[in-house]
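# Residue-level structural notes
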Amino acid sequence: MDVLTPRTLEEALEMKAERPEAVPIAGGTDLMVELNFDRKRPEAMMDICRLPELREWRHENGNVFLGSGVTYARIVREMGEFVPLVQASRTVGSPQIRNRGTVGGNLGTSSPAGDALPVLAAYDATVELRSAAGGGRTLQWNEFLTGPKRNAMRPDELILGARWKAGRGPGSFSKIGTRNAMVIAVAGLCLVMDDDVRTVRVALGSVGPTIIRATDAETFAVEELTQAGAWDDPNVTLSDDVVRAFGERVAAAARPIDDQRGTAAYRRHACAVLGRRALTWALQERRGR
Ligand SMILES: Cc1cc2nc3c(=O)[nH]c(=O)nc-3n(C[C@H](O)[C@H](O)[C@H](O)COP(=O)(O)OP(=O)(O)OC[C@H]3O[C@@H](n4cnc5c(N)ncnc54)[C@H](O)[C@@H]3O)c2cc1C
């Protein structure tokens, strides 16, 4: 097997143009598992974990750019203002996995159980791709994620990172698994409320072939908050019945299957509980501010 070791993004893109079959390796926490189990035997791998251009995150005119090579450990240490992203990063694997694993790798694998992905979906993020021949390309998160472990990346492209609008409002990520740590989600949910543009966005992981936005629940929450006058007065809350109805709409958006980690019925129930909790936390956080 050839191992390519580019030093800059430009060099990496040229190598990828010459050898599109070369598989990028960032943290290796997904890829090395595939190699260990002999599920993949690539002719060439390209080590991208040291490319400086992929290892940065920054604010840019009201947006946030997160380089594909930023590890979960760094997100937890450096990006505290993005609470749902930090909460999701903290749940990934173990300290060793968080020291190596990247959001770019989560995107590259495109598993419906990737914990960073519901967060990017709730942020309504775009995915930035680049190739030597085609230059840059920007896809909405749901154009990039096309199915279970499938995405729209072309063989000569690399993922540069994700970009989203920095909003103002509460949010959270939570997941249910068979134990408290080192666990693949049986169901995961991210809720992001934006007080400036008055939106509620809810994304679900592990309960469908890919990440799902619970759009009916989102519309319902916005309408209820508007009717209650809660956008202007954070002390206004929603009744238990409304919160329960929101949870039911979240659950209705799920498209789960039975598998070794949980039944479809359990997953749907989990979505309702996660949805109720996330909305309750968001309302409490607004009251506290
Ligand atoms: C013990 C263990 C526990 C885990 N727990 C969790 C968990 O709780 N939650 C979770 O979501 N995941 C978990 N994972 C999976 C994994 O850690 C994550 O998916 C992580 O985000 C992968 O990142 P990486 O940098 O290691 O990816 P890699 O393994 O390096 O790459 C993964 C895929 O993405 C591609 N890729 C990576 N970067 C780029 C790029 N810039 N451009 C193009 N393609 C790219 C690679 O070619 C490969 O196909 C776990 C894994 C292990 C081994």
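Definitions and limits used
- Residues numbered from 1 in each chain as written.
- Predicted model: local features only at pLDDT ≥ 70, side-chain atom pairs only at ≥ 80, totals over all residues.
- Heavy atoms only, no water.
- Salt bridge = Lys/Arg side-chain N within 4 Å of Asp/Glu carboxyl O.
- Helix = DSSP H or I, 4+ residues; strand = E, 2+ residues; numbered from the N terminus.
- Buried < 20%, exposed > 50% of the residue type's maximum accessible area, 1.4 Å probe, protein only.
- Near = heavy atom within 4 Å.
- Polar contact = N/O pair within 3.5 Å; in protein donor to acceptor, adjacent residues only side chain to side chain.
- Areas by Shrake-Rupley, 256 points an atom, 1.4 Å probe, with all protein chains shown as cover.
- Pairing = 2+ DSSP bridges.
- Axes fitted to C-alpha atoms, helices over the stretch in contact; angles between N-to-C directions.
- Contact = heavy atoms within 4.5 Å.
- Domains from an automatic or database assignment.
- Buried area = accessible area lost by both parts, 1.4 Å probe.
- Phe/Tyr/Trp six-rings, centres within 6.5 Å; stacked < 30°, edge-to-face > 60°.

## Thoughts on the pattern of salt bridges
Counted by the stated rule, this structure contains 21 salt bridges. Notably, a salt bridge pairs Arg198 with Asp232, separated by 2.6 Å at the nearest N-O pair. Of this pair, Arg198 sits in the loop between strand S12 (187-194) and strand S13 (199-205) while Asp232 sits in the loop between helix H9 (215-228) and helix H10 (240-253); the two residues are 34 residues apart in sequence, bridging distant segments of the chain. Relative accessible area serves as the criterion here: at 35%, Arg198 is assigned to the partly exposed category. We note a salt bridge from Arg244 to Asp241, for which the minimum N-O separation is 3.1 Å.

## A closer look at the site of the ligand
Taken together, the neighbourhood of the ligand is formed by 33 residues, with Pro24, Thr29, Asp30, Tyr72 and Thr102 sitting nearest. Separating an oxygen atom of the ligand from a backbone N or O atom of Gly27 is a distance of 2.8 Å. Between the ligand and Lys175 there is a distance of 3.3 Å, counted from an oxygen atom to a side-chain nitrogen or oxygen. Alone, the ligand offers 980 Å² of accessible surface; in the complex the protein occludes 87% of this.

## Section: the sheet that holds strand S4 (residues 57-60)
On the basis of which strands lie adjacent, the open sheet formed by five strands has the order S4-S5-S10-S6-S7 and antiparallel pairing. Both outer strands of the open sheet, S4 and strand S7 (135-140), are each paired with one neighbouring strand and no more. Taking each pair of neighbouring strands and ignoring which way they run, the sheet shows an average axis angle of 25°. In this structure, S4 lies alongside strand S5 (residues 63-67), joined through four bridges in antiparallel fashion. From the neighbouring strand, Arg58 faces S5, where its bridge partner is Phe65. Against the sheet, helix H1 (residues 9-18) contacts strand S6 (126-131) and strand S10 (158-165), and its axis sits at roughly 125° relative to S10.

## Some words on the domain arrangement of the chain
Domain annotation for the chain reports domain 1 (2-165) and domain 2 (171-288). Measuring from the centre of the C-alpha atoms in domain 1 to the corresponding centre in domain 2 gives 26 Å. Opposite the 22 residues of domain 1 that make contact, domain 2 presents 22 residues. Across the domain 1 to domain 2 interface the summed buried area is about 1800 Å²; carbon plus sulfur atoms make up 64%. For the domain 1 face of the interface with domain 2, the top three residues by lost area are Pro112, Pro118 and Ala122, together amounting to 29%.

## Here's the deal with the packing of aromatic side chains
One pass over the full model with this rule turns up three aromatic pairs. The interplanar angle of 90° and the centroid separation of 6.3 Å between the aromatic rings of Trp57 and Phe82 together place this pair among those described as edge-to-face. Of the two residues, Trp57 sits in strand S4 while Phe82 sits in the loop between helix H3 (72-78) and helix H4 (83-91), which places them 25 residues apart along the sequence. When the ring of Tyr123 is compared with that of Trp164, the centres are 4.7 Å apart and the planes differ by 15°; the resulting orientation is stacked. Of this pair, Tyr123 sits in the loop between helix H7 (116-122) and S6 while Trp164 sits in strand S10, and the two are 41 residues apart along the sequence. Each member of the pair, Tyr123 together with Trp164, is buried. Site record: aromatic cluster; members linked through ring pairs are Trp57, Phe82, Tyr123 and Trp164.

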